[in-house]
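Here is how the chains run, residue by residue.
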Amino acid sequence: MIKKTLIASIFASSVLASAANAGEVAEFCTAVIDEMGLEDPDGGCACFEDYLSDEDQALYLSLESEDDWDARASDDMKNAMAACFPAP
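Attention here is on the structure that accompanies the text.

**Brief notes about the layout of surface pockets**
Right, on to step 1. In this structure, the largest pocket occupies an estimated 600 Å³ of space.
Right, on to step 2. Val32, Ile33, Met36, Tyr60 and Met81 are the residues nearest the centre of the largest pocket, which is lined by 23 residues in total.
Right, on to step 3. Counting only elements with at least two residues in the lining of the largest pocket, the list comes to α2 (24–35), α5 (66–72) and α6 (75–84).
Right, on to step 4. With five residues, the single largest contributor to the lining of the largest pocket is α2.

**What to know about the environment of cysteine 45**
Right, on to step 1. Tracing the backbone through its elements, the reader meets cysteine 45 in helix α3 (residues 44–51).
Right, on to step 2. Look at cysteine 45 and you get buried, because its relative accessible area is 1%.
Right, on to step 3. Taking C-alpha positions, cysteine 45 is 4.8 Å from alanine 26, a pair spaced 19 residues apart along the chain.
Right, on to step 4. Contact partners of cysteine 45, with chain neighbours within four places excluded, come to Ala26, Cys29, Thr30, Ile33, Asp40 and Phe85.

**Things to note about the pattern of salt bridges**
Right, on to step 1. Here the structure, examined in full by the defined rule, presents one salt bridge.
Right, on to step 2. Here aspartate 68 and arginine 72 are joined by a salt bridge, their closest N and O atoms 3.2 Å apart. Note that aspartate 68 and arginine 72 are positioned in helix α5 at a spacing of four residues, about one turn of the helix.

**Quick look at the environment of cysteine 84**
Right, on to step 1. Here cysteine 84 shows up in helix α6.
Right, on to step 2. As for cysteine 84 and cysteine 47, which are separated by 37 residues in sequence, their C-alpha atoms are 5.7 Å apart.
Right, on to step 3. Discounting chain neighbours no more than four positions away, the residues touching cysteine 84 are Gly44, Cys47 and Phe48.

Conventions adopted
Residues numbered from 1 in each chain as written. Predicted model: local features only at pLDDT ≥ 70, side-chain atom pairs only at ≥ 80, totals over all residues. Heavy atoms only, no water. 1 Å grid on protein atoms, 1.4 Å probe; cavity = no way out; pocket = protein on both sides within 12 Å on 5 of 7 lines; lining within 4 Å. Points joined across faces, edges and corners; volume = space filled by probe spheres on them. Helix = DSSP H or I, 4+ residues; strand = E, 2+ residues; numbered from the N terminus. Buried < 20%, exposed > 50% of the residue type's maximum accessible area, 1.4 Å probe, protein only. Contact = heavy atoms within 4.5 Å. Salt bridge = Lys/Arg side-chain N within 4 Å of Asp/Glu carboxyl O.

So, to be careful, I would describe these as geometric facts and stop short of saying anything about function.
If you want it as structure tokens, here you go:
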């Protein structure tokens, strides 16, 4: 019984943590876009967040520079960026 309660508690905590992080990727993306002097009128940052797994969201939030992106971004992150911010 205690083991089931512990597992349920850990699962609930991870679900709540994921819910608490909702929007953080889009906010971080928007800040990066703003810093670059660009705009996001089509909601590319929200698209990007929706496209990423929880693991890739955590990875994205840990990036500190463009060089960091080049070295550490997963293929899924790069595919999401291309899909959500198509070249004009």
